[in-house]
Amino acid sequence: LARSRSDTPLGWAGLQSDLANTLAYQSERAEGQQGTALLVKAVERYEKALDIFTKTDHPNEWASVQQNLGTTYLSLGRRTNGRESNMFFAKAETALRSARCVLTEADFPRQWALVQHNLAKTFRERGIPISGPEGIDFLKNAIETGKSALRVLTKEDCPIDWAMVKQGLGNSFDCLGKRISGDEGVKFLADAIQAYSDGFAVWTRYEYPYDWACNTENLALVEQSIADHDTTADPRPHLEAALAHVEAALTVFDPEHMAYNHEKATRLREDLRARLAAL
């Protein structure tokens, strides 16, 4: 690799980027420290590629690496905690904003929209642990950034991406609705239900069972949020709706092939059953 860098620098940089992509992909199937270590190695490879793929000389390659670097930092933020997590989210935001300097809406509309979607996820992750107005501002920014992606990622032209953005918006609406009291909070929770429900137009149970089940579980979580909201006088109907949704999701999340999803949904189901029994 040392000779390759001097003899064929562009090929060497491309190899670094490809290796980083492979490491990031492998991390999705690894848990704990193993997954985190793979992501750290991916970051190192992306940064090596940026030694050659500079913004000045190779702007398109530079932007592509920045985009991938941003999503890798986002994954690292989700796998860590506290200050370390926030540091990774901040780096993800920086890298994604950098990519957007080249991947503009006018010149690279789909790539721009995907950057917007990942920025929205980054803003949401940054906002979740922060209390008060600052956290709310991050969540509102996540919503506006996610909505902007839908200018390009339409249901007609990019149905899978459209459903993915809708799911992300549902997550942000839910997070925000839980933080805000009164009618404003209820409106955000209703928006979350609508965003998730929209996704079923693409993610049908028979064509995309896993995505359908994840979306169904998300509906359960929103109904639980509504049950807990300060405007709700009777939580029972919402807890019952949440239970029905999670039980439906569990018909897809089998314990052998989807152990993580099955375990998480099962915990939610048991919690909902216990809450209903206590009413």
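Our structure's up above, just so we're on the same page.
Below: a short report on this structure. (Residues numbered from 1 in each chain as written. Predicted model: local features only at pLDDT ≥ 70, side-chain atom pairs only at ≥ 80, totals over all residues. Heavy atoms only, no water.)

Looking only at helices and strands, the chain has 12 helices and zero strands in total. From first element to last, N terminus to C terminus, the chain shows the α and β order α-α-α-α-α-α-α-α-α-α-α-α. Expected size for 279 residues packed as a compact globule is a radius of gyration near 19 Å; at 20 Å, the chain falls within 12% of this value. By principal-axis analysis of the C-alpha atoms, the chain measures approximately 70 × 40 × 40 Å. Residues classed as buried in the chain amount to 48% of the 279 residues present. A total accessible area of about 14,000 Å² is found for the chain, and carbon and sulfur atoms account for 51% of it. (Helix = DSSP H or I, 4+ residues; strand = E, 2+ residues; numbered from the N terminus. Rg over C-alpha atoms; globule rule 2.2 N^0.38 Å. Buried < 20%, exposed > 50% of the residue type's maximum accessible area, 1.4 Å probe, protein only. Areas by Shrake-Rupley, 256 points an atom, 1.4 Å probe, with all protein chains shown as cover.)

A separate point is the nonpolar core. By size, the foremost hydrophobic cluster in this structure holds 36 residues, and its most contacted members are Ala42, Tyr46, Val65, Leu69, Tyr73, Leu76 and Val115. Looking at this core, the elements that each hand over two or more residues are helix H2 (9-27), helix H3 (32-52), helix H4 (59-79), helix H5 (82-102), helix H6 (109-127) and helix H7 (132-149). Ranked by residues supplied to this core, first place goes to H3 with eight residues. Setting aside residues up to four positions removed in sequence, leucine 76 forms contacts with Thr36, Leu39, Val40, Val43 and Phe88. Residues Leu114, Leu139, Ile180 and Leu219 belong to the second largest nonpolar core, which totals 24 residues. (Core = buried A, V, L, I, M, F, W, Y, C linked by side-chain atoms within 4.5 Å. Contact = heavy atoms within 4.5 Å.)

Once the charged atoms of two side chains with opposite charge are near each other, the side chains can pair. This model, assessed by the stated rule, comprises 15 salt bridges. The closest approach of N and O atoms between aspartate 228 and arginine 275, which form a salt bridge, is 2.5 Å. One end of the pair, aspartate 228, is in helix H10 (residues 209-228); the other, arginine 275, is in helix H12 (residues 259-278), and 47 residues separate them in sequence. Ionic pairing is found between arginine 273 and glutamate 247, a salt bridge with its closest N-O pair at 3.2 Å. Placement of the pair is arginine 273 in helix H12 and glutamate 247 in helix H11 (residues 236-249), with a sequence separation of 26 residues. (Salt bridge = Lys/Arg side-chain N within 4 Å of Asp/Glu carboxyl O.)

A few words on the packing of H5 against H6. The interhelical angle for the contact between H5 and H6, taken along N-to-C directions, is 160°, at an axis separation of 10 Å. Looking at the two axes, H5 sits roughly antiparallel to H6. Note on packing geometry: the crossing formed by H5 with H6 is left-handed. Residue-level contacts link Asn86, Phe89, Ala90, Ala92, Glu93, Leu96, Arg97, Ala99 and Arg100 of H5 to Trp112, Val115, Gln116, Asn118, Leu119, Thr122, Phe123, Glu125 and Arg126 of H6. Split into classes, the residues belonging to the contact of H5 with H6 amount to nine nonpolar, four polar and five charged. (Axes fitted to C-alpha atoms, helices over the stretch in contact; angles between N-to-C directions. Parallel < 35°, antiparallel > 145°, perpendicular 65-115°, else oblique. Left-handed = near helix turned anticlockwise from the far one by under 90°. Nonpolar A, V, L, I, M, F, W, Y, C, P; charged D, E, K, R; others polar.)

Turning to the side chain of serine 27, a few remarks are in order. By the element assignment, serine 27 lies in helix H2. Looking at serine 27, its side chain comes within polar contact range of the main-chain oxygen of alanine 24, at 2.5 Å. Excluding residues within four positions of it along the chain, serine 27 makes contact with Gly35, Leu38, Leu39 and Arg79. (Polar contact = N/O pair within 3.5 Å; in protein donor to acceptor, adjacent residues only side chain to side chain.)

Attention now goes to H6. Across its 19 residues, H6 extends 27 Å between first and last C-alpha, which sits within 8% of the 27 Å expected from 1.5 Å per residue. Burial of H6 is extensive: 16 of the 19 residues sit out of reach of the surface. (Expected span 1.5 Å × (residues − 1).)

This paragraph deals with H5. For H5, spanning 21 residues, the distance from its first C-alpha to its last is 32 Å, which sits close to the expected 30 Å at 1.5 Å a residue. Of the residues making up H5, those classed as buried are Ser85, Phe88, Phe89, Ala92, Glu93, Ala95, Leu96, Ser98, Ala99 and Val102.

So, about the environment of lysine 264. Relative to the elements of secondary structure, lysine 264 occurs in helix H12. For lysine 264, a relative accessible area of 26% corresponds to the partly exposed category. When the C-alpha positions of lysine 264 and alanine 90 are compared, they lie 28 Å apart, and in sequence the two are 174 residues distant.

Moving on, we get to the side chain of arginine 124. Considering the arrangement of structural elements, one finds arginine 124 in helix H6. No salt bridge is formed by the buried arginine 124; the nearest opposite charge belongs to glutamate 125, separated by 4.9 Å. For arginine 124, the residues in contact, after removing those within four places along its chain, are Arg78, Leu139, Ala142, Gly168, Asn171, Ser172 and Cys175. (Lys, Arg positive; Asp, Glu negative; His and termini not counted.)

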